[in-house]
Amino acid sequence: MNINDKRNSLVRHPSKRYRRRAISEIRNIAIHHSATTSGSAEAFARYHVNSLDWPGIAYHYVVNKDGSIDLCHDPEVVSYHVGNSNGRALGICMVGDFRTQTLERAQRNATLKLVRKLLNDFNLSVEDVWGHIEFPGYAWKPCPSISMEQFRASLREGRAIPTSSPIVIPSQPTNRTILSQGDRGDDVRAIQQRLNNLGFEPGPIDGIFGPLTVDAVQRFQRSARIVVDGVVGPETRRALDNFNASGEQIEHGAPSDEPDAREEQFSGETRRMLRLMQPMMRGQDVAEVQEKVGALIDGIYGPGTENRVMEFQRRNNLAVDGIVGPITWRALDRLAGNQPTYERLLSVQSPMLRGEDVKHVQRALNVQVDGIYGPNTERAVRDFQRRSGIRIDGIVGQQTWNRLF
Ligand SMILES: [Zn+2]
């Protein structure tokens, strides 16, 4: 892998610095595109520092179109790219605007290789690789505008994507209502021509509805905000007719990628974020969620579980996105039945204090839940107090209790 170390050469803010984290806090890899047709780590750094007034470039890595990779930050740096999830995510940006451009092999393969290496380095799994749009709060953002299911499938397979099929010249002038992969003819050619005119680069205008055309149709559908299925039916035809190619261009690295006041609820959450993906996420954590939201308990995060999670989110006035992220986890924790209330000061004593109230605090702080108020719990309380800007004494009094719950 060709990695250029740019950690010390990119523009940085004169005074602001990103905070740092322990490597063990990295739980997700976030995939972005730059939403610019060209660009470089240098250009993004200038934009993020000079225009957005950020401490430095948003990304840990930038993957260029030729497959070369720029290292921009240590993994410990908590840069801005996925809002409140910044603390748990490491950001990779592929140069390009994949709403209209195709992610070509060199860049795609370099990104896959880099991600595989990072998964190994940080002991993460393919399920932890999320597109920007898949993070809580970002369902509106067309980033990275590639199919993350396919990207994850390629990561699992551990090999490169196949090249496009060979070109054969067909000539079957037909006029079908629905066109999909495998179809050939002048009606396909007309769709390719239209996609090409709109800047979606479907590859050769050859009248063959092959993988490149599917890819272009999907990118178009994503841009047009209609169902993304790679099939040209009535809705897609209408959208192709009406599409305004000079539509809004959302500049990447927007101020929304800075954390907000809810970051406190995100930081310190060590559990996986769960969502519907293919193949589905499995585990004890999924079963725990299912039990709490009243879904069938099989430990597999499928559509039924997602529905129940969304109902739960709606009832609790949370963002209804079907993702179990830190805020939904906290809300689920509060379901735990008989909630202990504040009864006594908790501090390290001899003998050590024990009880349900201690467990309650430990659960909220994501430390080992043994019900004994020892040095580890005290340390976590101090960290929490520091983050919350309240008096740092390692003692849970009424104020700290109220902040925790
Ligand atoms: Zn992004």
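Residues numbered from 1 in each chain as written. Predicted model: local features only at pLDDT ≥ 70, side-chain atom pairs only at ≥ 80, totals over all residues. Heavy atoms only, no water.

What follows concerns the sheet that holds strand β1 (residues 3-5). Spatial ordering of the open sheet is given by β1-β5-β4-β7-β3-β8, a layout of 6 strands whose pairing is mixed. Every other strand in the sheet has two partners, leaving β1 and β8 (129-131) as the edge strands with one partner each. Pairwise comparison of adjacent strand axes, ignoring direction, gives a mean angle of 25 degrees for this sheet. Here β1 runs beside strand β5 (residues 69-71); their pairing, made up of 3 bridges, is parallel. Of the residues in β5, the one forming a bridge with D5 is L71. (Pairing = 2+ DSSP bridges. Helix = DSSP H or I, 4+ residues; strand = E, 2+ residues; numbered from the N terminus. Axes fitted to C-alpha atoms, helices over the stretch in contact; angles between N-to-C directions.)

Bringing the pattern of salt bridges into the picture now. Side chains carrying opposite charge are able to pair once their charged atoms draw close together. Evaluation of the coordinates by the stated rule reveals 26 salt bridges. In this structure, K6 engages D70 in a salt bridge whose closest nitrogen and oxygen atoms are separated by 3.3 Å. Linking K6 in the loop between β1 and β2 (19-20) with D70 in strand β5, this pair joins segments that are 64 residues apart in sequence. Like D70, K6 is buried. For E356, the salt bridge identified is with K359, shortest N-O distance 3.6 Å. Of this pair, E356 and K359 both sit in helix α11 (residues 356-365), 3 residues apart, which is roughly one turn of that helix. By relative accessible area, E356 is classed as partly exposed at 48%. Members of the salt-bridge network, linked through shared partners, are D5, R7, R20, D74 and E76. (Salt bridge = Lys/Arg side-chain N within 4 Å of Asp/Glu carboxyl O. Buried < 20%, exposed > 50% of the residue type's maximum accessible area, 1.4 Å probe, protein only.)

Let's shift gears to the domain arrangement of the chain. Taken domain by domain, the chain holds domain 1 (3-157), domain 2 (164-246), domain 3 (271-333) and domain 4 (356-404). A straight line from the C-alpha centre of domain 1 to that of domain 2 covers 30 Å. Each side of the interface is counted separately: domain 1 has 11 residues, and domain 2 has 10 residues. Between domain 1 and domain 2, roughly 740 Å² of surface is buried when both sides are summed, and carbon and sulfur atoms account for 40% of that area. For the domain 1 face of the interface with domain 2, the top three residues by lost area are R99, T100 and T102, together amounting to 53%. Run the count over domain 1 and domain 2 and you get 0 salt bridges. The interface formed by domain 1 and domain 2 contains 4 residue pairs in polar contact (both at pLDDT 80 or more). Taken together, the residues of the side of domain 1 that touches domain 2 sort by class into 4 nonpolar, 6 polar and 1 charged. (Domains from an automatic or database assignment. Contact = heavy atoms within 4.5 Å. Buried area = accessible area lost by both parts, 1.4 Å probe. Polar contact = N/O pair within 3.5 Å; in protein donor to acceptor, adjacent residues only side chain to side chain. Nonpolar A, V, L, I, M, F, W, Y, C, P; charged D, E, K, R; others polar.)

Bringing the environment of Y80 into the picture now. Relative to the helices and strands, Y80 is located in the loop between β6 (77-78) and β7 (89-94). Spatially, the C-alpha atoms of Y80 and R46 are 14 Å apart, while their sequence positions differ by 34 residues. Contact partners of Y80, with chain neighbours within four places excluded, come to Y18, W54, P55, A58, N86, D257, E258 and P259.

Before going further, it helps to examine helix α4 (residues 186-197). Across its 12 residues, α4 extends 16 Å between first and last C-alpha, which sits within 8% of the 16 Å expected from 1.5 Å per residue. Along α4, the residues classified as buried are D187, V188, I191, Q192 and L195. One side of α4 holds all its buried residues, which, seen down the axis, span an arc of 145 degrees. Phi turns positive one or two residues past the end of α4, at G199, with a value near 90 degrees. (Expected span 1.5 Å × (residues − 1). Arc of directions from axis to C-beta.)

With that settled, consider the confidence of the model for the chain. Predicted confidence across the chain gives a mean pLDDT of 88, with 92% of residues reaching 70 or more. Within the model, pLDDT remains below 50 along residues 160-173, and this stretch shows 22 contacts once partners closer than five positions in the same chain are excluded. Considering only residues more than four positions removed or in separate chains, one finds that residues 246-251, a stretch of pLDDT under 50, has 10 contacts. (pLDDT = per-residue confidence, 0-100.)

Our next topic: the state of the cysteines. Overall, the coordinates contain 0 disulfides when judged by the stated rule. The cysteine C72 is free of any disulfide, with C93 supplying the nearest cysteine sulfur at 9.0 Å. Given a relative accessible area of 2%, C72 falls into the buried group. (Disulfide = S-S within 2.5 Å.)

Moving on to the nonpolar core. Generally speaking, a soluble globular protein has its nonpolar side chains buried in company with each other. If you look at the biggest cluster of nonpolar residues, it comprises 26 residues, and the most contacted ones within it are I29, I31, I92, V115, V129 and F151. Broken down by element, this core gets its largest block of residues, 7 residues, from helix α2 (residues 105-122). Apart from the residues within four sequence positions on either side, I92 is in contact with I29, A30, I31, H32, Y61, V63, T111, L114, V115 and L118. If you look at the next biggest cluster of nonpolar residues, it comprises 25 residues, including A89, L274, F312 and W329. (Core = buried A, V, L, I, M, F, W, Y, C linked by side-chain atoms within 4.5 Å.)

This brings us to the pairing of β7. Counting buried positions along β7 yields 6 of 6 residues, so the element is predominantly enclosed. Both strand β3 (residues 28-33) and β7 contribute to a ladder of 6 bridges, which runs parallel. Residue pairing in the sheet places H33 in a bridge with M94 of β7. Pairing between strand β4 (residues 61-63) and β7: 3 bridges, direction parallel. Counterpart to V62 in the pairing with β7 is C93.

So, on to the pairing of β3. Counting buried residues along β3, 6 of its 6 residues qualify, which places the element largely inside the surrounding structure. Side-chain alternation along β3 places N28, A30 and H32 on one buried face and I29, I31 and H33 on a second face that is also buried. With 3 bridges connecting them, β3 and β8 associate as parallel partners. Bridged to I29 within β8 is V129.

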